[in-house]
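Report on the structure
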Amino acid sequence: MPTPCDLAGRGVLVTRPKGQAAGLSHLIEAAGGRAIPFPTLWIEPAADPEAARRLLLEPMDLLVFTSRNAVDHALTLCPGGRLPAAARLAAVGKATAEALAAAGRAPDLVPAGRYDSEALLALPELQDLRGYRAVIVRGEGGRPLLGETLRARGADLAYAEVYRRVLPEVDAAALLARWEREVQLVIATSGEILANLMHLLGEAGRGRLLATPLAVVSERTREDAWRQGFQRVEVAARADDPALIAALCRLAEEKR
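Attention in this report is confined to the structure presented alongside it.

Definitions and limits used
Residues numbered from 1 in each chain as written. Predicted model: local features only at pLDDT ≥ 70, side-chain atom pairs only at ≥ 80, totals over all residues. Heavy atoms only, no water. 1 Å grid on protein atoms, 1.4 Å probe; cavity = no way out; pocket = protein on both sides within 12 Å on 5 of 7 lines; lining within 4 Å. Points joined across faces, edges and corners; volume = space filled by probe spheres on them. Helix = DSSP H or I, 4+ residues; strand = E, 2+ residues; numbered from the N terminus. Nonpolar A, V, L, I, M, F, W, Y, C, P; charged D, E, K, R; others polar. Pairing = 2+ DSSP bridges. Axes fitted to C-alpha atoms, helices over the stretch in contact; angles between N-to-C directions. Contact = heavy atoms within 4.5 Å. Phe/Tyr/Trp six-rings, centres within 6.5 Å; stacked < 30°, edge-to-face > 60°. Lys NZ or Arg CZ within 6 Å of the ring centre and 35° of its normal. Buried < 20%, exposed > 50% of the residue type's maximum accessible area, 1.4 Å probe, protein only. Arc of directions from axis to C-beta.

What follows deals with the layout of surface pockets. When its volume is computed, the largest pocket comes out at roughly 1,400 Å³. When residues of the lining of the largest pocket are assigned to their parent elements, the largest contribution, five residues, is made by helix 4 (residues 94-102). Considering only residue class, the lining of the largest pocket consists of 18 nonpolar, 16 polar and 14 charged.

Written as structure tokens, this is what we have:
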């Protein structure tokens, strides 16, 4: 696949969780950039998965997966590693849909265009859920919009929280010591990842981070970044890796 630009050796800080950045890093390298891994989020099993395990065994009309992590961790709780029975499966995004298909059943409902809760909720099949038993499979906590909206549309809703997001224990001193030489672009694929990055870099790295062009995948995260004081933020057209590379290219072109 042809790359949208030449990143010309620019260093790109990749902040995705460990084990989930290989595809994006490969595309960065293919576009002539240098991927610099710096995970700002660890994904771990839920502290107490039994409630989720029991819930996934119950009959339901709609099962909504919010992320690839939700799929992977739910499968570890299901008998035989098989997806639970449900009349309909829904996936918030493309990567989640692909994970479901790889697990044996492609989702019935996936948004087109942008991959987020708002796009999923816009689907006509989810407008009237009176009489529906629905379960959202997600990490502990998480954004409330999806669940609140499904309830408001009549669903009898429960959450199966199958994993948790943890702040890594890392020392950023070595990264900060080489920041000016090596880091020209930054990626943050969620508001939590961005907040963790700022926390891990601390006051010593705040100025350097805010001055570095940032690529994100949602308007929400761009607004978070602006409030923090970032000088340049580019939103990818979709929440997938090729769109992120295109956003990096737009940032790189401005620096030529």
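To continue, consider the sheet that holds strand 7 (residues 156-166). The strand order across the open sheet built from five strands is 3-7-6-4-5, with neighbouring strands paired in mixed fashion. Since the sheet does not close on itself, it has two edges, and those belong to strand 3 (42-45) and strand 5 (88-91), each with one partner. On average, each strand axis in the sheet is inclined to that of its neighbour by 25°, with strand direction left out of account. Relative to strand 6 (residues 133-139), strand 4 (residues 62-65) runs parallel, the two sharing four bridges. Bridge pairing in strand 6 places F65 opposite V137. Together, strand 4, strand 6 and strand 7 form the strand contacts of helix 6 (residues 145-152), whose direction differs from that of strand 7 by roughly 175°.

It is worth spelling out the packing of aromatic side chains at this point. Going through the model one piece at a time under the given rule, you end up with zero aromatic pairs. It is R138 that lies over the ring of Y159; its NZ or CZ is 3.7 Å from the centre.

Moving on to helix 4. Listing the buried residues of helix 4 in full gives T96, A97, A99 and L100. The buried residues of helix 4 occupy an angular sector of 160° when projected down its axis, which confines them to one face. Contacts from the buried residues of helix 4 go to strand 4, helix 3 (68-77) and strand 5. Residue G104 follows helix 4 closely and has a positive phi angle near 120°.

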